[in-house]
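Structure assessment
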Amino acid sequence: MNNRWRSLLLSGLCLGLTGALVSGLLPASIEAQAGLAPAPARRAGEGAGPFNRMVIRNVMIIDGTGAPPYGPMNVIVSGNRIQSIQSAGTPGVPQAAAGAGRQGRGGRQGGGPVTDHEIDGTGMYLLPGFVDMHVHGGGAPKNADVEYAYKLWLGNGVTTVRGVALGSGAFSASERARSEKNEIVAPRIFNYQRPGGGSSAEGLREWVRQNVNMIDGLKLGAMEPELMSAVIDEAHKNGLGTTAHLQQGGVAQMNAIDAARVGLDTVTHFYGHFESLLKDTVVQDWPLDMNANDEQHRFGQVARMWNKIYEQGSPEWKAYLEEHVKLGTTFDPTFTIYSAGRDVMRARQADYHDKYTLPSLMDYYQPSRLNHGSYWYDWTTHDEIAWRNFYQVWFKLMNDYKKMGGRVTTGSDSGFIYQTYGFGYILELEMLQEAGFNPLEVIQAATMNGALTLSEWRASPVEFGVVKAGKLADMILVDQNPLQNLKVLYANGAVRLNDATGEVERVGGIKWTIKDGIAYDAKQLMADVAAMVDKQKAARK
């Protein structure tokens, strides 16, 4: 059945459900989360810089392009940009105490310009700041202050976020401007919003034209083909990007390949992919007692598609991915946000929760028919096995797309389903490796690929996402090799046995997060988060 006939048959149903399906049949209580306080002004001592000349010395660089690490290097930052990258010596050869690449008399490098600030990166790895392509800022009753999310993101190395949406349009635009001026401690913000304008193509187009100066792009659902085509076309005419959560209530008329054919830039989550590849049906064969407003049905049943689609390597599988490559679709899988479905006990007991997850956020995660994503009403072994099987197919789809030349990015959708801001993002990197990406490919997805996607429809060139002279100084430093173990990127580090002492220790964790040339002590950011958690715990006693 072609899209037009499907649209005609389903339009009455989908128009009737438009309000409920905006994010995929969310409970009515979601509206109560609108209460989100903006970040406080940046306080004295929060971040150092920007400086006329800051030097990060003796680092190993992973530049985000997929190139192998190299070093030792000195990275010179002027204001908010990387000015140059210079050799700091030869690997394996002891360096002189001063000289080339070292600071000379009078605070000058080899007699060169004055250095205002210096970071000793000896033994450290420097990477581009991470790009989280799918975030929400929270809001009561989860976290009433967006500062909590910001510091968790920065503390876990995320220097750029795409809000889908971060908060309301006006709130997100204001926070974006304040972050751009570094008036607040926050990542770089891209403001994507759901379009208004009613249910007509011209109404949608007019909404885009009226809001073009406030937003960077659109977050779409699975709309009727005519509407989807119109709103994407108008977005692109106005230099805006598009991403879509092709929710189950609309995916029968607008799956992932349908959306890509009318110009969609990014498919987020898994919705739409599996429906595009169904083998024996054109819509999922739901159980007879299915109720899509029951979130355990919604999240539990979708995983039952894992063996209902064309198999990996089949002509249909290959043709599907090849067409997306040709169309230039970006896949943003957000593996992390559904991962609790395959092992809820692991997600509930993650070792960062006690120190860094607000009690109010932990409350929100608990089984509840009122809170979105808190669908563990009676989660069973059957459900977890279905999700484990589903993930294996989903992993293969994303890895094959990458191998064919398709772009894959990293997003977390944290703040739901036991995934706390920042920590959920690093789990996404681990899950990309589980899917078959090697660590350099993971870093490329987390940095350069996100920057390319966010810059695609903008007039300006790509400004971040790689460590290169002339680019914005958005970088992170970690004192362990993340290619050897991605777990060292978690803000609380990784557990390791010290064979010299026989003691168990935590190693790693981001040491410095640099955004716009401002160096933030990532450990202090996380101490601030821990203090927020302690304050709320004390208030509950």
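Right, let's walk through the structure included here. (Residues numbered from 1 in each chain as written. Predicted model: local features only at pLDDT ≥ 70, side-chain atom pairs only at ≥ 80, totals over all residues. Heavy atoms only, no water.)

1. A few points about the pattern of salt bridges
The test is simple: Any Lys or Arg side-chain nitrogen found within 4 Å of a carboxyl oxygen on Asp or Glu counts as a salt bridge. The rule is simple: take the accessible area with a 1.4 Å probe, protein chains only, and divide by the maximum for that residue type; under 20% is buried, over 50% is exposed, in between is partly exposed. The helix and strand labels rest on DSSP assignments: H or I over at least four residues marks a helix, E over at least two residues marks a strand, and numbering proceeds from the N terminus.
Across all of its chains, the model carries 32 salt bridges by this definition. A salt bridge links Arg209 to Glu202; the nearest nitrogen and oxygen atoms lie 2.5 Å apart. Given the relative accessible area of 32%, Arg209 is considered partly exposed. Here Glu202 falls in the partly exposed class, since its relative accessible area comes to 46%. Here Glu311 makes a salt bridge to Lys279, at a shortest N to O gap of 2.7 Å. Within this pair, whereas Glu311 is found in the loop between helix H9 (295-302) and helix H10 (315-327), its partner Lys279 is found in the loop between helix H8 (273-276) and H9, the two being separated by 32 residues in sequence. The class of Lys279 is partly exposed, set by a relative accessible area of 30%. Residues joined by salt bridges that share partners form a network here, namely Glu202, Arg205, Glu206, Arg209, Asp233, Glu234 and Lys237.

2. Section: the packing of aromatic side chains
Counted only if it meets this: Two aromatic rings, drawn from Phe, Tyr or Trp (for Trp, its six-membered ring), form a pair once their centres lie within 6.5 Å of each other, and the interplanar angle then sorts them: stacked below 30 degrees, edge-to-face above 60, tilted otherwise.
Across all of its chains, the model carries 34 aromatic pairs by this definition. A ring pair is formed by Phe270 and Trp387, whose centres lie 5.8 Å apart and whose planes are at 65°; its orientation type is edge-to-face. Placement of Phe270 in the loop between strand S11 (266-268) and H8 and of Trp387 in helix H15 (residues 381-403) is noted, with a sequence separation of 117 residues between them. Across the pair, exposure class does not vary: Phe270 and Trp387 are buried alike. The interplanar angle of 55° and the centroid separation of 5.4 Å between the aromatic rings of Tyr391 and Phe395 together place this pair among those described as tilted.

3. Topic: the pairing of strand S6 (residues 130-135)
The condition that has to hold: A pair of strands is considered paired only if DSSP assigns at least 2 bridges between the two. For crossovers, right-handed means that the path from the first strand over the helix to the second runs clockwise, given strands pointing away from the viewer.
Most of S6 is tucked away, with six of its six residues classed as buried. With four bridges joining them, S6 and strand S7 (residues 158-163) adopt parallel strand pairing. Bridging across to S7, Phe130 finds its partner in Val158. As for the winding sense of the linkage, the β-α-β connection from S6 through helix H3 (residues 146-155) to S7 is right-handed.

4. What about the side chain of Asp413?
Condition: We score Asp and Glu as negative and Lys and Arg as positive, and we do not count His or the chain ends. N or O atoms within 3.5 Å of each other form a polar contact, as long as, within protein, one can give a hydrogen and the other can take it, and as long as residues adjacent in sequence are counted only when both atoms are side-chain atoms. Should any heavy atoms of two residues lie within 4.5 Å, those residues are counted as being in contact.
Considering the arrangement of structural elements, one finds Asp413 in the loop between strand S13 (407-408) and helix H16 (423-435). No salt bridge is formed by the buried Asp413; the nearest opposite charge belongs to Lys219, separated by 6.7 Å. There is a polar contact of 3.1 Å between the side chain of Asp413 and the side chain of His136. Not counting the four nearest positions on each side in its chain, Asp413 is found in contact with His134, His136, His269 and Ile337.

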